[in-house]
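Fold and contact review
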Amino acid sequence: MTLLLGIRRSGKSSLVKVLMKEEKGIWIYIDLRKFESSSFIHYRDLIQEMERAINLSLPERLKKLFSGIKGVSIAGVNVSFKWGGKDKVEFSQILDKLSEISEKEGERVILVFDESQELRKLKGYNLLYPIAYAYDNLKVRFVFTGSEIGMVYDFLELENPKSPLFGRAYTEVKVNPFDKQTALEFLRRGFEEFNIRVEESELEEAVNTLGGIPGWLTYYGFNYIQERDHKKALDKTVETAISLILEEFNNFLKGRGEARERYRIIMTTCARGCRWSEAKNAIEAKEGVRIDDKRFTELLNNLVKASFLVKEGEIYKPADVMIGKAFSVKF
């Protein structure tokens, strides 16, 4: 197992897609970002995404190897998985067949779950058991990417003695934001590819405003090429970034009930960095009642797990410069 972790728009998906092009193997890529706004995932959703990924990744001759499995049919040149009823296909059966394909072809099969923290929403089915079975018995490799880093750990339960994956070895790769010099060089090289010269002072302002997240820098470059105007490009990037961050935060709040407003208060208080006590006092001042220390710490930790906040020493601060701007401007 490989865990590829980094905050939103740090370049994880791009890195995986480069590996899929350059590294030998049979890559099965499952994009779970479509479930970010969902409160739960059904087994049907998982199987349908697996079906789609296999149909995109495998040539016709390999798809035919799935015939004969209960719950699997071949429709034209594509496989179809039955997800319900007594004849439904089991996820472990799909992994068995992928392992057979690996042996037949003499190539590794790598199964990528992009934004794998979404799998914690899977209801009525424990995916960890077939993953553990494959880990121990099959020739299938797993890559789990995740932006909500703590939530990925929560899903995999690697340190829980009762978890099927407890004690299994894994490799962890963290994709960090660029430092300032790398971010400046990233922009310079991008503009060079379009034969566009941008003033160094403008590049400096872009990096100072947007931070080192490749996604925001790329979007600024795209806007600059469209507008040919630094200020318009930067303003548009900031506006879009704030809208996306707040949309993601609203997705995080779904199903959080009465705690929703408390999460908002914490993010507003910590927009420029704050201590545990400052955020707790802000909630108590707003509500006019005391909040239990343990309950408050749980709220704060959930924001860290979701990669909206990071903890540096005694200070909680936004995980990204633009997250801080979003909660300074809008709340």
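Since this is a predicted model, take the numbers as computed values, not measurements.

Quick look at the overall build of the chain now. Within the chain one finds 14 helices and 10 strands. With respect to the three principal axes, the spread of C-alpha positions in the chain is 60 × 60 × 35 Å. The buried share among the 331 residues of the chain stands at 47%. Across the chain, every contact between residues at least 6 apart in sequence was considered, and the portion connecting residues at least 24 apart equals 69%. A total accessible area of about 16700 Å² is found for the chain, and carbon and sulfur atoms account for 47% of it. Across the chain, the centroid of the 53 positively charged side chains sits 4 Å from that of the 50 negatively charged ones.

On to the sheet that holds strand β10 (residues 315-318). Sheet strands pair by backbone hydrogen bonding; their relative direction is either parallel or antiparallel. If you walk across this open sheet you meet the three strands as β8-β10-β9, and the pairing is antiparallel. Looking along the sheet, the strands with just one partner apiece sit at the ends: β8 (274-275) and β9 (309-312).

Attention now moves to the layout of surface pockets. Reported here for the largest pocket is a volume of approximately 680 Å³. Along the walls of the largest pocket sit 29 residues, with Arg8, Arg33, Glu36, Glu115 and Gln117 positioned nearest its centre. Taken together, the elements giving at least two residues each to the lining of the largest pocket come down to α1 (12-22), α9 (214-227) and α10 (230-253). In terms of residue count, the dominant contributor to the lining of the largest pocket is α10 (five residues).

Across all of its chains, the model carries one cavity of 30 Å³ or more by this definition. What the largest cavity holds in volume is close to 50 Å³.

We now examine the sheet that holds strand β6 (residues 140-146). Strand order in this open sheet of five strands is β2-β5-β6-β1-β7, and the pairing throughout is parallel. Among the strands making up the open sheet, the edge pair consists of β2 (26-31) and β7 (171-174). Ignoring strand direction, the axes of neighbouring strands in this sheet form an average angle of 15°. Note: β2 against strand β5 (residues 109-114), six bridges, orientation parallel. Bridging across to β5, isoleucine 26 finds its partner in valine 109.

The next subject is the state of the cysteines. Within the structure shown, the criterion is met by one disulfide. Here cysteine 270 engages in a disulfide with cysteine 274; their sulfurs sit 2.1 Å apart. Take cysteine 270 and cysteine 274: they sit in the same class, and that class is buried.

The subject of this paragraph is the environment of leucine 111. Among the structural elements, leucine 111 can be located in strand β5. According to the relative accessible area criterion, leucine 111 is buried, its value standing at 0%. C-alpha separation for the pair leucine 111 and tyrosine 29, spaced 82 residues apart in sequence, amounts to 6.2 Å.

Let us now look at the packing of helix α12 (residues 276-287) against helix α13 (residues 293-305). To describe two helices that pack against each other, one gives the angle between their axes and the distance between the axes. Their axes nearest at 11 Å, the elements α12 and α13 cross at an angle of 110°. Considering their axes alone, α12 and α13 lie roughly perpendicular with respect to each other. For the pair formed by α12 and α13, the contact residues are Trp276, Ala279, Lys280 and Ile283 on the first element and Asp293, Phe296, Thr297 and Leu300 on the second. Broken down by class, the residue content of the contact of α12 with α13 amounts to five nonpolar, one polar and two charged.

Rules used in this analysis
Residues numbered from 1 in each chain as written. Predicted model: local features only at pLDDT ≥ 70, side-chain atom pairs only at ≥ 80, totals over all residues. Heavy atoms only, no water. Helix = DSSP H or I, 4+ residues; strand = E, 2+ residues; numbered from the N terminus. Buried < 20%, exposed > 50% of the residue type's maximum accessible area, 1.4 Å probe, protein only. Contact = heavy atoms within 4.5 Å. Areas by Shrake-Rupley, 256 points an atom, 1.4 Å probe, with all protein chains shown as cover. Lys, Arg positive; Asp, Glu negative; His and termini not counted. Charge placed at Lys NZ, Arg CZ, Asp CG, Glu CD. Pairing = 2+ DSSP bridges. 1 Å grid on protein atoms, 1.4 Å probe; cavity = no way out; pocket = protein on both sides within 12 Å on 5 of 7 lines; lining within 4 Å. Points joined across faces, edges and corners; volume = space filled by probe spheres on them. Axes fitted to C-alpha atoms, helices over the stretch in contact; angles between N-to-C directions. Disulfide = S-S within 2.5 Å. Parallel < 35°, antiparallel > 145°, perpendicular 65-115°, else oblique. Nonpolar A, V, L, I, M, F, W, Y, C, P; charged D, E, K, R; others polar.

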